[in-house]
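# Fold and geometry: a report
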Amino acid sequence: MNAAEKPGNRETLLAHAYAIENEAAERYQDLADQMYACNNTEVGDLFAKLAEIEAKHAAELSLEHGAARTPMAAADYAWGNLESPEAIPFGEMHYLIQPHQALTLALAAEERALAFYTDVVNQAPTDDLRNLAEEFVLEEAEHVALVREWLQRYPEPEHDWDTDDDPPVQP
Amino acid sequence: MNAETACALTARDYKSDLKPVWCPGCGDFSILMAITMAMADVGRPPEEVAVISGIGCSSRVPAYTSCYGFHGVHGRALPLATGLKLSRPDLLVIAAGGDGDGYSIGGNHFMHACRRNVDLTYIVMDNQVYGMTKGQPSPTTPPEWDSALVPGGTGLSPFHPLVIALAAGANFVARTFSGDAKGTAQTIVEAINHPGFSLIEILSPCVTFRPEEREWAKQVHPASVDATEDRARAARRVLTDDGFNTGILYRGNRAPYQPAFKPDDAAKVDFEAEFLP
């Protein structure tokens, strides 16, 4: 399959979904660990919760649809050499990141996954594939709504959010 | 790699239980991911791989893999890796570290490792600063970089590792960007599979001491030409480029150095016995 091509059958879609959810779970957990290492426990807890949700989603994929890791080469996934849609890039992090910023990054990740599955629905050559992709669209839409709801609970950061009273860089 | 091997090993199999203590946003997180992805792709089990490093933020990488590892003395990753590969040619040996460790403290070893062309892969996570010791300029720091520790900048011409590697005899030279983890993983695989000494220079932003390096994500671009086998042409290209073109820049065809003698198994057994209780 070419990098820009969307999954064209049930097996390939399941392989993609399995990769998306597992990579998201792993990335959220990595980010949670980074935050805990910096004593930013509030954001660490948020990422850990998101990791738990994604891991549960991945487990459901296996249980309900028999999705499993496949020997597909990395470049054969629809996102090619880019990160899978639901993974927040490591480079976006900051040790003083606030919950609102973390959730904004998570929202963007969830929306990328939603857009991916929506594209599959729109390009699906068979009803079977379309139905499965629609199911994933609904699940991702729930995730998007959940993160949006969480976002409402946290204020936007102050302009000096990254001020550190004990900065690593000496003035 | 066949499908059976691909199913057997994943990147996760090469990660240790230790959690990295790098600053959030550091490029080294992505590079660690790329290294583990590459190992899974190559398909050698962790016990057949050794990751060797010196000192520095990026030199912590052996601890974060499940392979054999050696966190050595500052600047000495390459002599350690060279010795290991010569005595245990069956192992896949990867040396890793930063620009300070590799090009300054280990600069002489770097040149001679290129010259010797032993079959190993050297991954340099170049952030153009000494991060672990709080932001001193390194050999690759631009001369004008102004900071509290170097007011007005060093004014010194930066070290040009890729040109030096080519001049010294490295057999494979590439540059990648940490933000492109999958591309970096592919390049590492190619470096491992290419015989001889392979250098992969990975631009890896230090978001704490060089926050402006976050902009590298917008500056990197794939090299517009394919890798060459012509050392002089490759050197001209890297001397005249903007420092942000990525990809495999040179593939040489020098035969790797292998000692004429075979390591004496009996001597190895005696040596190992010294370490056994």
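Residues numbered from 1 in each chain as written. Chains lettered and ligands numbered in written order. Predicted model: local features only at pLDDT ≥ 70, side-chain atom pairs only at ≥ 80, totals over all residues. Heavy atoms only, no water.

Moving on, we come to empty space enclosed by the protein. Residue and element names in this part refer to chain B. Enumeration over the complete set of coordinates arrives at one cavity of 30 Å³ or more. Computed from the structure, the largest cavity encloses a volume of approximately 40 Å³. Contributing to the lining of the largest cavity are Gly75, Arg76, Ala77, Leu78, Asp101, Gly102, Gly106, His109, Phe110 and Tyr122. Mapped by element, the contributors of at least two residues to the lining of the largest cavity are α3 (77-87), α4 (99-105) and α5 (107-116). Of the residues in the lining of the largest cavity, the class split is four nonpolar, four polar and two charged. (1 Å grid on protein atoms, 1.4 Å probe; cavity = no way out; pocket = protein on both sides within 12 Å on 5 of 7 lines; lining within 4 Å. Points joined across faces, edges and corners; volume = space filled by probe spheres on them. Helix = DSSP H or I, 4+ residues; strand = E, 2+ residues; numbered from the N terminus. Nonpolar A, V, L, I, M, F, W, Y, C, P; charged D, E, K, R; others polar.)

Here we come to the sheet that holds strand β8 (residues 245-251) of chain B. All names here are of chain B. An order of β2-β1-β3-β4-β6-β5-β8-β7 is seen for the eight strands of this open sheet, with the pairing classed as mixed. Looking at which strands have only one partner, the edges of the open sheet turn out to be β2 (68-71) and β7 (221-222). Pairing of strand β5 (residues 172-177) with β8 involves four bridges; the strand directions are antiparallel. By the bridge assignment, Ala174 is partnered in β8 with Ile248. (Pairing = 2+ DSSP bridges.)

With 27 residues of chain A in contact, the opposing surface of chain B contributes 22 residues. Both sides together, the interface formed by chain A and chain B hides about 2000 Å², and carbon and sulfur atoms give 52% of it. Where chain A packs against chain B, one counts four salt bridges. Notably, a salt bridge pairs A:Asp30 with B:Lys15, separated by 3.6 Å at the nearest N-O pair. At the boundary of chain A with chain B, the tally comes to four residue pairs in polar contact (both at pLDDT 80 or more). (Contact = heavy atoms within 4.5 Å. Buried area = accessible area lost by both parts, 1.4 Å probe. Salt bridge = Lys/Arg side-chain N within 4 Å of Asp/Glu carboxyl O. Polar contact = N/O pair within 3.5 Å; in protein donor to acceptor, adjacent residues only side chain to side chain.)

On to the layout of surface pockets, then. All names here are of chain B. Here the second largest pocket is characterised by a volume of approximately 820 Å³. For the lining of the second largest pocket, the secondary structure elements donating two or more residues are β5, α7 (181-193), β7 and β8. Examining the composition of the lining of the second largest pocket, we find that six residues originate from one element, α7, more than from any other. Residue classes in the lining of the second largest pocket are distributed as 12 nonpolar, 14 polar and six charged.

This paragraph deals with the confidence of the model for chain B. Averaged over all residues, the pLDDT of chain B equals 93, while 96% of them reach at least 70. Across residues 1-6 of chain B, where pLDDT falls below 50, the model places nine contacts with residues more than four positions away in sequence or in other chains. (pLDDT = per-residue confidence, 0-100.)

Looking now at the packing of aromatic side chains. Residue and element names in this part refer to chain B. The tally for this structure, following the rule as stated, stands at 14 aromatic pairs over all chains. With 5.4 Å between their ring centres and 90 degrees between their planes, Trp22 and Phe29 make a pair best called edge-to-face. When sorted by exposure, Trp22 lands in the same class as Phe29, which is buried. With a centroid separation of 6.2 Å and 50 degrees between ring planes, the pair formed by Phe110 and Tyr122 is classed as tilted. Pair noted here: Phe110 is in helix α5 and Tyr122 is in strand β4 (residues 121-126), with a separation of 12 residues, a long-range link. (Phe/Tyr/Trp six-rings, centres within 6.5 Å; stacked < 30°, edge-to-face > 60°. Buried < 20%, exposed > 50% of the residue type's maximum accessible area, 1.4 Å probe, protein only.)

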